[in-house]
Amino acid sequence: MTTATAAATLKVEEAAQLLGIGRNQAYEAVRRGEIPSLKIGGRILVPRRRLMALINGDEEEADQL
């Protein structure tokens, strides 16, 4: 999937795969605010750009996006 066609958000499970952690760990990290997230209705989504900035070590950029 290219950046142009990539979804702007990920499911928590998809974020967990990218991070190499388990599903439950990812949900706990979302709850603690360690993984950026949005709650829309009953769904929890992870903004792709913020997660990638966090992975790349740019926490300041991750907070600004």
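The model shown is predicted, which means the values in this text are computed figures rather than measured ones.

## Structural notes on the overall build of the protein chain
- Helix and strand counts for the protein chain come out as 4 helices and 3 strands.
- For the protein chain, the sequential pattern of α-helices and β-strands runs β-α-α-β-β-α-α.
- The proportion of buried residues among the 65 residues of the protein chain is 23%.
- Of the contacts formed within the protein chain by residues at least 6 apart in sequence, a portion of 38% connects residues at least 24 apart.

## Digging into the sheet that holds strand 3 (residues 43–47)
- With respect to topology, 3 strands assemble into an open sheet ordered 1-3-2, the strand pairing being antiparallel. Of all the strands in the sheet, the pair left with one neighbour each is strand 1 (9–11) and strand 2 (38–40). Strand after strand, the sheet turns through a mean of 45 degrees between neighbouring axes, direction not considered.
- Relative to the sheet, helix 3 (residues 48–55) contacts strand 1 and strand 3, its axis offset from that of strand 3 by approximately 55 degrees.

## Things to note about the packing of helix 1 (residues 12–19) against helix 3
- Relative to each other, helix 1 and helix 3 sit at 20 degrees, their axes nearing to 12 Å. Here helix 1 is positioned roughly parallel relative to helix 3, judged by the angle of their axes. Pair helix 1 / helix 3 crosses with right-handed handedness. Between helix 1 and helix 3, the residues in contact are Ala-15, Leu-18 and Leu-19 and Leu-51, Met-52 and Ile-55, respectively.
- Along the lines of polarity and charge, the residues of the contact of helix 1 with helix 3 split into 6 nonpolar, no polar and no charged.

## Notes on the pattern of salt bridges
- Inspection of every chain in the model, using the stated rule, returns 4 salt bridges.
- For Glu-13, the salt bridge identified is with Arg-23, shortest N-O distance 3.3 Å. Taken together, the positions of Glu-13 in helix 1 and Arg-23 in helix 2 (residues 23–32) put the pair 10 residues apart, joining distant regions of the chain.
- When the shortest N-O distance is used, the salt bridge between Arg-32 and Glu-28 registers 3.8 Å.

The rules we used
Along every chain, residues carry numbers that run from 1 in the direction the sequence is written. Local features are withheld for residues below a pLDDT of 70 in this predicted model, meaning they are given only at 70 or higher, and side-chain atom pairs are given and counted only at 80 or more; totals for whole chains, interfaces and linings count all residues. Processing note: side-chain calculations cover all non-hydrogen atoms of the structure and skip hydrogens and water entirely. To qualify as a helix, a DSSP run of H or I must reach at least 4 residues; to qualify as a strand, a run of E must reach at least 2; elements of each kind are numbered from the N terminus. With a 1.4 Å probe rolled over the protein chains alone, any residue whose accessible area is under 20% of its type maximum counts as buried; one over 50% counts as exposed, and the rest are partly exposed. Residue contacts are counted whenever heavy atoms from the two residues lie within 4.5 Å of one another. Only when DSSP finds a minimum of two bridges between them are two strands counted as paired. Angular values range over 0 to 180 degrees, each being the angle between N-to-C directions of two axes fitted as lines to C-alpha atoms, with helices fitted over their stretch in contact. For classification, angles of less than 35 degrees are called roughly parallel, those exceeding 145 degrees roughly antiparallel, those between 65 and 115 degrees roughly perpendicular, and all remaining angles oblique. Crossings are assigned a handedness: left-handed for a near helix turned anticlockwise from the far helix by less than a right angle, right-handed for a clockwise turn. Put simply, Ala, Val, Leu, Ile, Met, Phe, Trp, Tyr, Cys and Pro go in the nonpolar bin, Asp, Glu, Lys and Arg in the charged bin, and everything else, Gly too, in the polar bin. By salt bridge we mean one thing: a side-chain nitrogen of Lys or Arg within 4 Å of a carboxyl oxygen of Asp or Glu.

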